[in-house]
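So the chains spell out like this:
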Amino acid sequence: VQLVESGGGLVQAGGSLRLSCAASGFTFSSYGMSWVRQAPGKGLEWVSRINSGGGGTSYAESVKGRFTISRDNAKNTAYLQMSSLKPEDTAVYYCAAGYRGRGLHLRENYNYWGQGTQVTVSS
């Protein structure tokens, strides 16, 4: 089982990035997907979630209106389109699958967790 994030990098404030999460080793289309981030020196923060079919999404207040989560079940890939980026969005972004309850931001509450991709937003 693998979740591999990509698309991170350095961007100026106000810019955009699209993160990808490529899944393998499990039935991707059966699982909701989440994005979780960890800023330097801080704990994990849940960012967004999409259901297995892609028809239901939710966002943290801190990113609502700026980030869009999506998925392509034919490609076994989830995405996070990030726009109007702010320096406070700087973090390692993780994708996760198989949420089991008791806190969307906690790694131990997911069956699968990626290695993360760094996003740095300069002011």
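Check the entry above for the structure.
First things first, this report covers the structure right here in the doc. Treat the numbers as computed from the prediction; the structure is a model and nothing was measured. (Residues numbered from 1 in each chain as written. Predicted model: local features only at pLDDT ≥ 70, side-chain atom pairs only at ≥ 80, totals over all residues. Heavy atoms only, no water.)

## Some thoughts on the sheet that holds strand S3 (residues 17-24)
Within a beta sheet, neighbouring strands are joined by backbone hydrogen bonds and run either parallel or antiparallel to one another. If you trace the 4 strands from one edge of the open sheet to the other, you get S1-S3-S8-S7, paired in antiparallel fashion. The open sheet has two edge strands, strand S1 (2-6) and strand S7 (67-72), and neither has a second partner. The mean angle between the axes of side-by-side strands here comes to 15°, regardless of whether they run parallel or antiparallel. For S1 and S3, the ladder comprises 5 bridges, and the chain directions are antiparallel. Pairing of Gln2 across the sheet is with Ser24, part of S3. (Pairing = 2+ DSSP bridges. Helix = DSSP H or I, 4+ residues; strand = E, 2+ residues; numbered from the N terminus. Axes fitted to C-alpha atoms, helices over the stretch in contact; angles between N-to-C directions.)

## So, the state of the cysteines
According to the stated counting rule, one finds 1 disulfide in the structure shown. Two residues, Cys21 and Cys95, share a disulfide whose sulfurs are 2.0 Å apart. Since a negative S-S torsion denotes a left-handed disulfide, the Cys21-Cys95 link at about 65° is right-handed. Of this pair, Cys21 sits in strand S3 while Cys95 sits in strand S9 (residues 91-99), placing them 74 residues apart in sequence. Each of the two residues, Cys21 as well as Cys95, counts as buried. (Disulfide = S-S within 2.5 Å. Buried < 20%, exposed > 50% of the residue type's maximum accessible area, 1.4 Å probe, protein only.)

## Some details on the nonpolar core
The biggest cluster of nonpolar side chains holds 35 residues, and the ones touching the most others in it are Leu3, Met33, Trp35, Phe67, Leu80, Met82 and Tyr93. Of all the elements, S9 adds the most residues to this core, at 6 residues. Setting aside residues up to four positions removed in sequence, Tyr93 forms contacts with Glu5, Leu19, Trp35, Val36, Arg37, Val47, Phe67, Leu80, Met82, Gly116, Thr117 and Val119. (Core = buried A, V, L, I, M, F, W, Y, C linked by side-chain atoms within 4.5 Å. Contact = heavy atoms within 4.5 Å.)

## Quick word on the environment of Trp46
Relative to the elements of secondary structure, Trp46 occurs in strand S5 (residues 44-50). A residue is classified by how much of its surface remains accessible, and Trp46, at 16% relative accessible area, is buried. Residues Trp46 and Tyr79, spaced 33 residues apart in sequence, show a C-alpha to C-alpha distance of 15 Å. Those residues in contact with Trp46 that sit more than four places away from it in its chain are Ser34, Trp35, Val36, Ser58, Tyr59, Ala60, Leu104, His105 and Tyr110. One polar contact links the side chain of Trp46 to the main-chain carbonyl oxygen of Ser48, over a distance of 3.1 Å. (Polar contact = N/O pair within 3.5 Å; in protein donor to acceptor, adjacent residues only side chain to side chain.)

## A closer look at the pairing of strand S4 (residues 33-38)
By the criterion of burial, S4 is predominantly enclosed, with 5 of the 6 residues buried. Here S4 pairs with S5 via 6 bridges, running antiparallel. From the neighbouring strand, Gln38 faces S5, where its bridge partner is Leu44. Counting the residues that bridge the hairpin from S4 to S5 gives 5 residues, and of these Gly41 lies at a positive phi of roughly 75°. Where S4 meets S9, 6 bridges bridge the pair, whose relative direction is antiparallel. Opposite Trp35, over in S9, you have Cys95 as the bridge partner.

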